[in-house]
Amino acid sequence: MASSGPQRQPTIGFPRRRSARRLAAPPAKSPAEPTALRLSPLPRASGPAAPVTRSASAQVQPLSPRKRLGDENLCNVPRALPCSPAKRSKENQGRRLLFGDPPASPEKPGSPGPAPQRRGQETPRSSGQPPRTRLFRQEGTCYQQAKRVLHVAIPDRLHAREREMGVIQQFLRDHVCRRQPGSLYISGPPGTGKTACLSRVLRDCEDELSGSKTILLNCMSLRSPQRIFPALAQQLGLPEATGWEDARRLEKQLTAKGPMVLLVLDELDQLESKGQDVLYTLFEWPRLPGSRLVLVGLANALDLTDRSLPRLSARPDSGPHLLHFAPYTRDQLSTILRERLGQVAGDPILDAAALQFCARKVSAVSGDARKALDICRRAVEVVELEVRSQTLLKPLPSGDSPASPVPKRVGLLHISRVISEVFGDRLAAGGRGSLDTFPLQQKVLLCSLLLLTRRLRTQEVTLGKLHDTYSKVCRQQQLPAVDQAECLSLVTLLDSQGILELKKAKEARLAKVSLKMEAAAAERALQDMALVGSILAQGLR
């Protein structure tokens, strides 16, 4: 044991002197540092505490002038409150003073005492501000409801068509329910309710017609009139054949025993062909012995059966039953518009004068109910855009929630503007009274379409026939003609302007072209010019 003591003293003695120097400084400074931090708030009012504060600040790293301002917001206090940096900035403090907050005292304590009060004042102001998207709610507004009720789909009630619906319903009961073959031809201008009334009757008599087979076909979807027979064979479950073989097999099928077949052909005038073989075949099937076919055809032409099918009226009581839909009058259109807009709760969207003006203008031109609904819906969209732009520019209200803006009613000016821009004189490319700015090739093409529809007595022609007629007119007038590709470009341009309607097909020559505006209005506008007026006067030779 005595030998171990002298071995430790020389080994530990030298490090003990150095560790004494190294560990002596921290105990001397460690009590001073917490003293400066803990006692700094207490002697703030007394003078002798100033050297202590300087000694504490001497140990803290020096701050820039911008960061030293943060001491007022407790940036250098170790126990800072958990709030966002934006609320501790100097700018937010100045902005809070403008909203009536109590002014800050000249004494700026470093303790975290006043911080909860500032955070409590900031929170209601940030949470109570309404979002900007609530200024205008597009969904659920009165304008959206008005546009929904002004649709052109089949309504629950068809006004001023009770008599026509009764005739259709009685015809179906007499022929389909009693197993008596027959045919019915329904005619009338576009938008007079032909298809809507027939669809409503078929829906109402669904239980009575449950024992028969109903086939609905739109002839506009057929490439040629002869394609009606393969379409019927497919509906009846027969194998498809070519040519007139389908017609002969369909004739045997319809004269055999079985349930009654109700065939509804919309746009029947699209089946007109050379010699009218297709139409004669269809209307002669119900007159065959043992036939179980009931044919219902719809078209716009009033004299289709007398003009194109004169042999049907050769024998008495052999022709189809005729039912004509007259155009809507001004009073009927006004009632239809009032019933539709009456479904919107609240104040009326359209002025009474604007509604009467729309009904009077449409009844004078065509009596098309769909056109009247389109005009009103377009006018509602114009007013909706005006109200939306005005509402977004208004400042946020001071209340809890923004009050819904009072809707602007559709007036006479809006209806007049829509009629003149959309359904009025669309031949003027540069505006009202500027028909001379309309390109010459487009004028000649439009005249060719008018002449072709007048000769064929149809409203829709193929692009191939239109280009042939256009080339013939250009040769007669000694004008340069464009090829079929450029003719398609002209038709596409007129389609974008709302003058023509183009229905594309797999082959460009088979595309369907029709006139969107009234033919009489187009002729009146084109007859004012010398060259185009002479083309319409001479016609096709």
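Described in the following lines is the structure provided in the data block. (Residues numbered from 1 in each chain as written. Predicted model: local features only at pLDDT ≥ 70, side-chain atom pairs only at ≥ 80, totals over all residues. Heavy atoms only, no water.)

1. What to know about the overall build of the protein chain
Thinking step 1. If you tally the helices and strands in the protein chain, you get 23 helices and eight strands.
Thinking step 2. For the protein chain, restricting intrachain contacts to residue pairs at least 6 apart in sequence, the fraction spanning at least 24 positions comes to 74%.
Thinking step 3. When the accessible surface of the protein chain is split by element, carbon and sulfur atoms take 54% of a total near 31,600 Å². (Helix = DSSP H or I, 4+ residues; strand = E, 2+ residues; numbered from the N terminus. Contact = heavy atoms within 4.5 Å. Areas by Shrake-Rupley, 256 points an atom, 1.4 Å probe, with all protein chains shown as cover.)

2. Overview of the nonpolar core
Thinking step 1. Core analysis: the largest hydrophobic core is formed by 33 residues, its most contacted members being Ile349, Leu350, Cys358, Val380, Val410 and Ile415.
Thinking step 2. Taken together, the elements giving at least two residues each to this core come down to helix 8 (142-149), helix 15 (330-341), helix 16 (352-365), helix 17 (369-392) and helix 18 (412-421).
Thinking step 3. At nine residues, the largest contribution of residues to this core is made by helix 17.
Thinking step 4. Val410 has contacts with Ile349, Leu350, Asp351, Ala354, Ala379, Val380, Val383 and Ile415, leaving out every residue within four places of it along the chain. (Core = buried A, V, L, I, M, F, W, Y, C linked by side-chain atoms within 4.5 Å. Buried < 20%, exposed > 50% of the residue type's maximum accessible area, 1.4 Å probe, protein only.)

3. Looking at the sheet that holds strand 5 (residues 321-324)
One key point about sheets: their strands pair by backbone hydrogen bonds, in either a parallel or an antiparallel sense.
Thinking step 1. Ordered in space as 2-3-4-1-5, the five strands form an open sheet in which the pairing is parallel. A strand with exactly one partner marks an edge of an open sheet, and here the two such strands are strand 2 (213-218) and strand 5. The average angle at which neighbouring strand axes cross in this sheet is 15°, direction not considered.
Thinking step 2. Taken together, the four bridges between strand 1 (residues 182-187) and strand 5 define a ladder with parallel strand orientation. Residue pairing across strands places Leu184 opposite His321, the latter belonging to strand 5.
Thinking step 3. Its contacts with the sheet put helix 9 (residues 162-177) on strand 1, strand 3 (261-266), strand 4 (293-299) and strand 5, and the angle it makes with strand 5 is roughly 160°. (Pairing = 2+ DSSP bridges. Axes fitted to C-alpha atoms, helices over the stretch in contact; angles between N-to-C directions.)

4. Observations regarding the sheet that holds strand 7 (residues 500-503)
Thinking step 1. Pairing is antiparallel in the open sheet, where three strands are placed in the order 6-8-7. Two strands close off the open sheet at either side, each with one partner strand: strand 6 (460-462) and strand 7. Averaged over all adjacent pairs, the angle separating strand axes in this sheet is 25°, with direction ignored.
Thinking step 2. In this structure, strand 7 lies alongside strand 8 (residues 512-515), joined through four bridges in antiparallel fashion. Paired with Leu500 across the bridge in strand 8 is Leu515.
Thinking step 3. Sheet strands touched by helix 20 (residues 463-476): strand 6 and strand 8. Its angle to strand 6, the strand with the most contacts, is close to 85°.
Thinking step 4. Against the sheet, helix 21 (residues 484-496) makes contact with strand 7 and strand 8, and its axis sits at roughly 120° relative to strand 7, the strand it touches most.

5. Section: the environment of Lys408
Thinking step 1. Mapping Lys408 onto the fold places it in the loop between helix 17 and helix 18.
Thinking step 2. Each C-alpha atom, one on Lys408 and one on Glu386, is 8.6 Å from the other, the two residues being 22 residues apart in sequence.
Thinking step 3. Setting aside its immediate chain neighbours within four residues, Lys408 contacts Tyr143, Val383, Glu386, Val387 and His414.
Thinking step 4. In terms of polar contacts, Lys408 uses its side chain to reach the side chain of Glu386, at 3.0 Å. (Polar contact = N/O pair within 3.5 Å; in protein donor to acceptor, adjacent residues only side chain to side chain.)

6. Things to note about helix 13 (residues 277-284)
Thinking step 1. Counted residue by residue, helix 13 has six buried out of eight residues, so it is predominantly covered.
Thinking step 2. For helix 13, the set of buried residues is Val278, Leu279, Tyr280, Thr281, Leu282 and Phe283.
Thinking step 3. Where helix 13 is buried, its residues touch strand 1, helix 11 (228-235), strand 3, strand 4 and helix 14 (304-308).

7. Focus on the packing of aromatic side chains
Thinking step 1. With the rule as written, the count across this model stands at one aromatic pair.
Thinking step 2. Over the ring of Tyr328 we find Arg161, and its NZ or CZ is 4.2 Å from the ring centre.
Thinking step 3. Above the plane of the ring of Tyr280 lies Arg311, whose end atom (NZ or CZ) is 3.8 Å from the centre. (Phe/Tyr/Trp six-rings, centres within 6.5 Å; stacked < 30°, edge-to-face > 60°. Lys NZ or Arg CZ within 6 Å of the ring centre and 35° of its normal.)

8. Observations concerning the packing of helix 16 against helix 18
Thinking step 1. Between helix 16 and helix 18, the least distance of the axes is 8 Å, while the angle of their chain directions is 25°. The pairing of helix 16 with helix 18 is recorded here as roughly parallel in orientation. Considering the relative orientation of helix 16 and helix 18, their crossing is right-handed. Seen from helix 16, the contacting residues are Ala353, Ala354, Phe357, Cys358 and Lys361; seen from helix 18, they are Leu412, Ile415, Ser416 and Ile419.
Thinking step 2. Broken down by class, the residue content of the contact of helix 16 with helix 18 amounts to seven nonpolar, one polar and one charged. (Parallel < 35°, antiparallel > 145°, perpendicular 65-115°, else oblique. Left-handed = near helix turned anticlockwise from the far one by under 90°. Nonpolar A, V, L, I, M, F, W, Y, C, P; charged D, E, K, R; others polar.)

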